[in-house]
Amino acid sequence: MNEETRYEAVRGRDARFDGEFFFAVSTTGIYCRPSCPAVTPKRANVRFYASAAAAQGAGFRACRRCRPDAAPGSAEWNVRADLVGRAMRLIGDGVVDREGVGGLAGRLGYSSRQVHRQLTEELGAGPVALARAQRAHTARVLLQTTTLPVTELAFAAGFASVRQFNDTIREIYASTPTGLRAAARPAPGGNARNTGQDERDHPAPAGIPLRLAYRGPYAAREIFDFLDRRAIAGIEETLGPPGARTYRRTLRLPYGTAVAEVDEHGGAGRRTARGATAPGGGWLECRLHLTDLRDLATAVARLRRLFDLDADPYAVAERLGADPWLAPLVAARPGLRSPGAADSEELAVRAVLGQQVTVAAGRRLAGVLVAAYGKPLSAPDGALTHVFPEPGILADATLAELGMPDARRRALRTVSGALADGSVALDPGVDRDATEQALLALTGIGPWTARYMRMRALGDPDVFLPGDAGVRHGLAALGATAEAAEGWRPWRSYALHHLWNAATTTAAVATTATAVTVMTTKTEKSG
C-alpha cells in the first residue's frame, strides 16, 4: 500500500487494516488505528507509521477512542520467515523483557546491531521501543482491570522502575496511572467507558478480563470444535453447549502458571448462521488467572497464537476462494482459522502421541501422560488439575503407563530430550526450514509429524500434509488431487483445515444416510 491507499482506508474506517499500519494527526498529537470512529483528519495533517512504537517514538500519544495499542497484530509476521518476522514473533512472546536485546539477537543468530538496524528500517522502531510499547499496553490492561497497587503493577508489566513506568504512561496515554485507572471506572449511575478491543470495560469477578481482538470474519464454531475434540483431561476442558462454549486450559509460563478461559461467543455484532462473525472484526472474551502477573503479555501472545487471532482472513479468502475446488468450502466457512499452540513443546509431544492413531486415541494417551508426569496445580480448578509435563521429565521417563509400542516411546523420549537440551527449539522466532530438518533427523519423526509441528507449534500458514488420512478424504470428497495444493500457497495450512472439515462433513452425511437406510429397511420389514 502507498500513502494514498492508506488514507482511503482511513477515510473508509476499514477495520481490515487495523494493526497493519497506524496513522497520526499532527494537529492533535494522537495516533489511531485505521478504523477509528473519530472525524477523518485532513490528508495534509496525517502521518503513517508501520508500528505503534514508531508513532510513539515520533511523539504521538494513543487515541482514547479507538485504543490503537489494542489492535490485532499484523498477519505479516506469521507469514514471513525473515529476520524481522522472526524478531516480531519473539518480541510478542516477551523475550526482550526477559532476556534483553542480547537474548533476542542470540536466538535469531544475528548481532544486536543488525537486529536493531533491520527493525528500525522496516518498522521505524528498534526492539527496545517495540517491547516498550507492549509493556505500556500490558500496564494499561492491569491498571484498568485489577486493583493491584501501582508500584507492584509497574514491575508486573515489565518496567525496571516506577519512574520509568510513570513516564511511559504519561508519554503514551497523556495521563497518570491513577488517571488512566479512574477513566475505566463507571460513573455513578452510568456505564463504564470503553477501554478498547483487547480488554473488558470493567473487572470481572475473578481473573484478569481481556478482549482478544481479531480482524475480519472468525469461524469460532470450527476452532472450538477442533480444540474440544483434542482436549486433554487434566489440562483442558470445554464447558457449555456449542455456540456458547468456554474453553479452559492451564498454561506453563516463564514465571509461573495460569488458567485461561476463552468464550466462544465474543463480541462482533451480528453472526452468520454457522456462528462465524460477520466481516469487520471483533473479539473473544478471555479471563486469565495468573500466579505471576509478569506473565500476562506472554500468556496473551500464546493464546493469540492458539486461536490464530492475528490472521488475515481477507488475504486467505482471496487466494483460496479463487480456486474452483476450495471456493465452496471458503464460502461455507468464512474466517476459518488454523489453530496454533499455547505451548509448542506440549504440541510436539502431542504430535508424537498422535502418530498412526485416531484423534480420540491420541487424546486418551495424552491424558494418561498428564496424570502420570504432569505437575499438579497448587489447587484443582474445576477439571483442571495439572500443567503439561516438562520435556526434561519425559526424556528420562519409562512411559510404561502409555502402553505404546517401544518405538513410539523411544521417539517420545528422543523428542523430549532434544527439546530439553536445546538441540531442537520450537520458540516463535526459529528458522522454520532448519527446525523441520532438525526434527526429521530425530529417530521416529517422519514428514507428517515434523510438518504438523511446523504448522501448529511454529504457526506456519503454508503447510500441507498430503499423506494425512483426513486430507485424502477431503480431497476425495472434492474430486481433487494433492497436486492442486500448489495453487494454494502461501495459505495451505488453511486449505488443509478446509479439507479436514470437508472430510468430517462428508463422513457425518454418510453416517446419517446409513442410519436412515437402516431405519427405512427395518420399517419396511416390520411392515
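First, a word on what this report is: a plain description of the structure on this page. Positions within a chain are numbered from 1, following the residues in the order the chain's sequence is written. Totals for whole chains, interfaces and linings use all residues, but because this is a predicted model, local features are given only for residues with pLDDT of at least 70 and pairs of side-chain atoms are given and counted only at 80 or more. Water and hydrogen atoms play no part in the side-chain values, which are based on all heavy atoms of the structure.

Some remarks on the packing of aromatic side chains
Any pair of Phe, Tyr and Trp rings, taking the six-membered ring for Trp, is counted once the centres come within 6.5 Å. Such a pair is stacked with planes under 30 degrees apart, edge-to-face with planes over 60 apart, and tilted for the rest. Applying the stated criterion across every chain yields a total of 11 aromatic pairs. The interplanar angle of 70° and the centroid separation of 5.8 Å between the aromatic rings of Phe21 and Phe48 together place this pair among those described as edge-to-face. Of this pair, Phe21 sits in the loop between helix H1 (3-11) and strand S1 (22-25) while Phe48 sits in strand S3 (residues 46-49); the two residues are 27 residues apart in sequence, bridging distant segments of the chain. Judged by relative accessible area, Phe48 falls into the buried class, the value being 11%. Ring centres of Phe224 and Phe307 lie 5.6 Å apart, and the angle between their planes is 45°; on these two criteria the pair is classed as tilted. One end of the pair, Phe224, is in helix H11 (residues 220-229); the other, Phe307, is in the loop between helix H12 (296-306) and helix H13 (313-320), and 83 residues separate them in sequence. We call a residue buried when its accessible area falls under 20% of the maximum for its residue type, exposed when it is over 50%, and partly exposed in between, using a 1.4 Å probe and counting protein chains only. Phe307 gets classed as buried once you look at its relative accessible area, which sits at 0%. Joined through ring pairs, the aromatic side chains of Phe17, Phe21 and Phe48 make up one cluster. Counted as over-ring charges are cases with an Arg CZ or a Lys NZ within 6 Å of the ring centre that also lie within 35 degrees of the ring normal. Just above the ring of Tyr314 sits the side chain of Arg16; from NZ or CZ to the centre is 5.5 Å. It is Arg294 that lies over the ring of Tyr255; its NZ or CZ is 3.9 Å from the centre. Every helix listed is a DSSP run of H or I at least four residues long, and every strand listed is a run of E at least two residues long, numbered separately from the N terminus.

Some thoughts on the pairing of strand S10 (residues 375-381)
Strand pairing requires that DSSP identify at least two bridges connecting the strands. Alignment of S10 against strand S11 (residues 384-387), held across 3 bridges, turns out to be antiparallel. Paired with Lys375 across the two strands is Val387, which belongs to S11. The turn joining S10 and S11, which pair antiparallel and follow one another in sequence, is formed by 2 residues; a positive phi near 65° is taken by Gly382.

A short note on the sheet that holds strand S9 (residues 282-290)
Overall, antiparallel pairing links the 5 strands, which are arranged S5-S9-S8-S7-S6 in an open sheet. Whereas interior strands pair on both sides, the edge strands pair on one side only; in this sheet they are strand S5 (208-214) and strand S6 (236-239). Between one strand axis and the next, the sheet turns through 25° on average, direction left out of account. Across 5 bridges, strand S8 (residues 257-263) lies against S9 in antiparallel orientation. The partner of Ala260 across the bridge, within S9, is Leu288. Only the stretch in contact is used when fitting a helix axis, every axis being a line fitted to C-alpha atoms; angles between N-to-C directions are given from 0 to 180 degrees.

Digging into the nonpolar core
Grouped together as the largest cluster of nonpolar side chains are 112 residues, with contacts concentrated most on Leu288, Phe307, Leu369 and Trp488. A contact between two residues is defined here by any heavy atoms of the two lying within 4.5 Å. The contact partners of Leu369, leaving out residues within four places of it in the chain, are Val349, Leu353, Gly374, Phe388, Pro389, Leu394, Leu399, Leu402 and Leu412. What we call a nonpolar core is a set of buried Ala, Val, Leu, Ile, Met, Phe, Trp, Tyr and Cys residues that are connected through their side-chain atoms within 4.5 Å.

A closer look at the packing of helix H4 (residues 83-92) against helix H6 (residues 112-123)
Look at H4 against H6: their axes get within 10 Å of each other, and the N-to-C directions meet at 95°. Overall, the two elements H4 and H6 adopt an arrangement that is roughly perpendicular. When H4 is examined against H6, the residues Leu83, Val84, Ala87, Met88 and Ile91 are found in contact with a partner set consisting of Gln114, Val115, Gln118, Leu119, Glu122 and Leu123. Across the contact of H4 with H6, the residue classes tally to 8 nonpolar, 2 polar and 1 charged. Working rule for angles: under 35 degrees goes down as roughly parallel, over 145 as roughly antiparallel, 65 to 115 as roughly perpendicular, anything else as oblique. Residue polarity is assigned by list, with Asp, Glu, Lys and Arg as charged and Ala, Val, Leu, Ile, Met, Phe, Trp, Tyr, Cys and Pro as nonpolar; anything else, Gly included, falls into the polar class.

Observations regarding the sheet that holds S1
Strand order in the open sheet made by the 4 strands is S3-S1-S2-S4, with mixed pairing throughout. At either end of the open sheet lies a strand with only one pairing partner, and these are S3 and strand S4 (61-62). Strand contacts of H1: S1 and S3, with the helix running at about 105° to S3, the strand carrying the most contacts.

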